[in-house]
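Each chain, letter by letter, is given below.
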Amino acid sequence: MPKILSTLLVFFILCGVYAQNKNEIRGITITGIKGIKKSLANIIAYDRSHPIPANYKVHLRPELEGPIPKGQNPDAKAVSKFGTLVNGNNYRTTATSAPTQTVQSNFLTIWGSYANVSGRESPYTPPDNCGDVGTTQIIATANCRMKVFAKPSVTGSASTTPTGTSTTILSAIANIELNAFFTNTSLGINSISDPHVRFDRLTGRWFIVAIDVNHTSGSNYCLIAVSDGSTITSSSSFTIFYFSVAGTGGASNDFFYYPTLGVDKYSLYIGGNMFANGRTFSGSNMWVLNKASLINGSLTVTSFPHSITSTDMYTPQGVHNDDPGTAFGYFIGASQTQYSKLVIRRVSYSGSTPTLSGDLNLTTSITYTPKTVPTLGGTAIDGDDRRLCAAMIKKNKITGIADLWVAQGTLLNTSGVGGSGGDRDGALWLEIGNLTSTPTILQSATLYDGVNPTSSAIYYTYPTIALSGQGHNLMGFTSAGPAQYAQASAAGRYRTDPAGNFQSPADFTTTTSTYNPGANRWGDFTQTVVDPTDDMTMWTF
């Protein structure tokens, strides 16, 4: 009888872990992990006493390749516009009118170099640039540095550095090497990668995540830093937390790669890709971190390993949402198995711990893996893959509607239609609604060069999109091509623009900058955000 009872107990525990009901999945919750409080002054002192060696040799980190889809989603359509708000075929995807948005700031935050050049700030490849904007400051992160800047006035003079150089930077309030920031001797952590930063306007806190690369299997850690306020000064402090893949129910041989980050009123949402023994893609994991516990100095994390969820999602992007009235959290990513499909997972809070929905699938217009981007500078750059680099839910304060916005790089032809026969890269952007029931694509379109032939086509890569409180959009990306040096670029659309239309892209660096990337890795992160102070000004990194 005791043996039978033990078996039944195990069965009931497993049932509780795997499913609350047929629609919800319970994860593995770990509580009581205490954070380590570090003063900024001590971090800076440690950083200064551990400088990067003058003879440090830059290593090009190879890309860990994600899954190759088995084929196209059979329901996808070969169109450049798609969605319930887009009808008919008489449309133009990119408006021919000049952009009416104004660039007020343009400065190089962190300078990296593929060559062993004296003075570089980020001697890592790729740079993985990211950033966000708070009430008074901007924080930019890269491999492997964090810098804090005073936020320029929206109506004041632009904060700029010369556009003809890639070595002139703007002075920062704080300039910290992230290896020093996140170091943990007891855990053997001193080599950091893939930093990602978000400002949470609901609590006035900065959240920064990264991974360590000292460990190459299931002891690979996720690192989370929480600021003690919205403005970073010499007297500020951060509380830092550490959890590993294996310590939260993941496979002991899985290496955690590419952490994503979204924040809402309940939680932090971190997704990542798992590589068995640091080599072969094995699936994607998701973690939901209780935000209130983090602020109070303790980590409560609910893990959803791929062994439990069996998700088809690749690169689960934690969705950022600053709406205090939200009821659910979300992850979104590309499909592992099919082109032209996105996968959503909804996080519910009906019980004491978060639960996860099954895969909610969306058919997009036809997409395909972006190709390598030729540049006028000489070195072709990696066009990335099908992953989403960021995701946000934003409430349009005029309509009162909150929808999900994402952008995805894809291979296209001169008509903006995706597929393996394309000859240039472009950006597919999407507005997704009906999130609390059956998610639906309301509008989407491709932003692309529909004018130039293959020999001089402009490629738009690494896109991210944001919506302002007024309902206007900004999409930031890299533009480059065989006849153009790599540039930082953006395109905008107004709430009153026709569904599926964007204004023409504009470079906000200079088209005459003779820039040679030097190596093919371009970096996997990029971010476009809305200023939390006025809910109108848009920023892109």
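This one's a predicted model, so the numbers in the text were calculated from it and none came from an experiment.

Visitor: Which residues make up the overall build of the protein chain, and what are the values?
Guide: When helices and strands are counted, the protein chain shows 5 helices and 35 strands. For the protein chain, with 541 residues in total, the buried portion stands at 57%. Considering only contacts in the protein chain between residues 6 or more positions apart, those separated by 24 or more positions represent 63%. Just so you have it, the protein chain exposes about 20,500 Å², and 54% of that area is on carbon and sulfur atoms.

Visitor: Talk me through the environment of Thr311; I want residue IDs and the actual numbers.
Guide: Looking at the secondary structure, you find Thr311 in the loop between helix H5 (306–309) and strand S19 (313–318). Considered as a pair, Thr311 and Gly358 are 47 residues apart in the sequence and their alpha carbons are 7.6 Å apart. When neighbours within four sequence positions are excluded, Thr311 is seen to be in contact with Ser284, Met286, Gln336, Val343, Arg345 and Asp359. Within polar-contact distance, the side chain of Thr311 engages the side chain of Asp359 at 2.9 Å.

Visitor: Report on the packing of aromatic side chains, specifying residues and quantitative values.
Guide: The relative placement of two aromatic rings is captured by the distance of their centres and the angle of their planes. The tally for this structure, following the rule as stated, stands at 16 aromatic pairs. Summarising the aromatic geometry, the rings of Phe181 and Phe238 are spaced 5.1 Å apart at their centres and angled 80° between planes, so their arrangement reads as edge-to-face. A residue pair is termed long-range when its members are at least 10 positions apart, and Phe181 in helix H3 (residues 178–182) and Phe238 in strand S13 (residues 237–244) qualify at 57 residues. Residue classification places Phe238 among the buried positions, given a relative accessible area of 1%. Ring centres of Phe256 and Trp287 lie 4.8 Å apart, and the angle between their planes is 50°; this geometry places the pair in the tilted category.

Visitor: Please give an account of the nonpolar core that cites residues and values.
Guide: Phe181, Phe182, Ile224, Ile270, Trp287 and Leu289 are the most contacted members of the largest nonpolar core, which totals 64 residues. Setting aside anything within four residues of it in sequence, one finds Phe182 in contact with Lys38, Ile189, Ile192, Ile208, Ala210, Leu223, Ile224, Ala225, Ile240 and Tyr242. By size, the runner-up hydrophobic cluster in this structure holds 21 residues, among which are Leu467, Leu474, Ala490 and Phe502.

Visitor: Describe in detail the pattern of salt bridges, supporting the description with residues and values.
Guide: In a structure, side chains of opposite charge can pair up when their charged atoms sit close to one another. Throughout the structure, instances matching the rule amount to 15 salt bridges. The residue Asp322 makes a salt bridge to Arg201 at a minimum N-O spacing of 3.2 Å. Here Arg201 lies in the loop between strand S10 (192–200) and strand S11 (205–212) and Asp322 lies in the loop between strand S20 (320–321) and strand S21 (329–335), a separation of 121 residues in the sequence. According to the relative accessible area criterion, Asp322 is buried, its value standing at 13%. Salt-bridge contacts for Lys394 lead to Asp322; the nearest nitrogen and oxygen are separated by 2.8 Å. Of the two residues, Lys394 sits in strand S26 (residues 388–396) while Asp322 sits in the loop between S20 and S21, which places them 72 residues apart along the sequence.

Visitor: An account of empty space enclosed by the protein is needed here, citing residue identities and associated values.
Guide: Evaluation of the coordinates by the stated rule reveals 5 cavities of 30 Å³ or more. When its volume is computed, the largest cavity comes out at roughly 180 Å³. Taken together, 18 residues make up the lining of the largest cavity; nearest its centre are Phe199, His320, Asp322, Val529 and Val530. For the lining of the largest cavity, the secondary structure elements donating two or more residues are strand S6 (130–133), S10, S20, S26 and strand S34 (528–530). Taken together, the residues that form the lining of the largest cavity break down as 7 nonpolar, 3 polar and 8 charged. Roughly 50 Å³ of volume is contained in the second largest cavity. Sorting the residues of the lining of the second largest cavity by element identifies strand S27 (401–412) and strand S30 (459–467) as the ones contributing at least two each. Taken together, the residues of the lining of the second largest cavity break down into 4 nonpolar, 4 polar and 3 charged.

Visitor: Explain the sheet that holds strand S29 (residues 440–447) to me, using residue names and the numbers behind them.
Guide: The sheet built from 6 strands is open, its strands ordered S5-S29-S28-S27-S26-S20 with mixed pairing. Each edge of the open sheet carries a strand with a single partner, namely strand S5 (81–82) and S20. Summarising the sheet, S26 and S27 pair through 7 bridges and their orientation is antiparallel. Pairing of Leu388 across the sheet is with Gln408, part of S27.

Visitor: Explain helix H2 (residues 40–49) to me, and be specific about the residues and the numbers.
Guide: Of the positions making up H2, those classed as buried are Leu40, Ile43 and Asp47. Projected down its long axis, H2 shows its buried positions confined to an angular sector of 60°, all on one face. Turned more than 90 degrees from where H2 packs its buried face, Asn42 and Arg48 sit exposed. For H2, the secondary structure elements touched by its buried residues are strand S3 (36–39), strand S8 (145–150), strand S9 (174–177), H3 and S13.

Visitor: Before we move on, could you go through the sheet that holds S6 and cite the residues and values that matter?
Guide: If you trace the 4 strands from one edge of the open sheet to the other, you get S6-S7-S8-S9, paired in antiparallel fashion. In this open sheet, the two strands that pair with only one neighbour each are S6 and S9. The sheet shows a mean angle of 10° between the axes of neighbouring strands, taken without regard to direction. Note that S8 and S9 share 4 bridges and pair antiparallel. Considered in S9, the bridge of Met146 is made with Ile176. Packed on one face of the sheet, H2 meets S8 and S9 and runs near 60° to S9.

Visitor: Describe the environment of Ser415, listing the residues and the values that go with them.
Guide: Along the chain, Ser415 falls in the loop between S27 and strand S28 (424–433). For Ser415, a relative accessible area of 43% corresponds to the partly exposed category. Separated by 335 residues in sequence, Ser415 and Ser80 place their C-alpha atoms 7.2 Å apart.

Visitor: Before we move on, could you go through unusual backbone geometry and cite the residues and values that matter?
Guide: The omega angle of the peptide bond from Asn143 to Cys144 is 10°, so this bond is cis rather than trans. Locating Cys144 in the fold gives a position in the loop between strand S7 (137–142) and S8. A positive phi angle is found at Asp128, which is not glycine, with a value near 55°. Mapped onto the elements, Asp128 comes out in the loop between S5 and S6. Look at Asp128 and you get buried, because its relative accessible area is 2%.

Visitor: So, the state of the cysteines: which residues are in play, and what are the values?
Guide: Enumeration over the complete set of coordinates arrives at 0 disulfides. Summary of cysteine pairing: Cys130 is not part of a disulfide, and the nearest cysteine sulfur, belonging to Cys389, is at 9.8 Å. For Cys130, a relative accessible area of 2% corresponds to the buried category.

What counts and what doesn't
- Residues numbered from 1 in each chain as written.
- Predicted model: local features only at pLDDT ≥ 70, side-chain atom pairs only at ≥ 80, totals over all residues.
- Heavy atoms only, no water.
- Helix = DSSP H or I, 4+ residues; strand = E, 2+ residues; numbered from the N terminus.
- Buried < 20%, exposed > 50% of the residue type's maximum accessible area, 1.4 Å probe, protein only.
- Contact = heavy atoms within 4.5 Å.
- Areas by Shrake-Rupley, 256 points an atom, 1.4 Å probe, with all protein chains shown as cover.
- Polar contact = N/O pair within 3.5 Å; in protein donor to acceptor, adjacent residues only side chain to side chain.
- Phe/Tyr/Trp six-rings, centres within 6.5 Å; stacked < 30°, edge-to-face > 60°.
- Core = buried A, V, L, I, M, F, W, Y, C linked by side-chain atoms within 4.5 Å.
- Salt bridge = Lys/Arg side-chain N within 4 Å of Asp/Glu carboxyl O.
- 1 Å grid on protein atoms, 1.4 Å probe; cavity = no way out; pocket = protein on both sides within 12 Å on 5 of 7 lines; lining within 4 Å.
- Points joined across faces, edges and corners; volume = space filled by probe spheres on them.
- Nonpolar A, V, L, I, M, F, W, Y, C, P; charged D, E, K, R; others polar.
- Pairing = 2+ DSSP bridges.
- Arc of directions from axis to C-beta.
- Axes fitted to C-alpha atoms, helices over the stretch in contact; angles between N-to-C directions.
- Disulfide = S-S within 2.5 Å.

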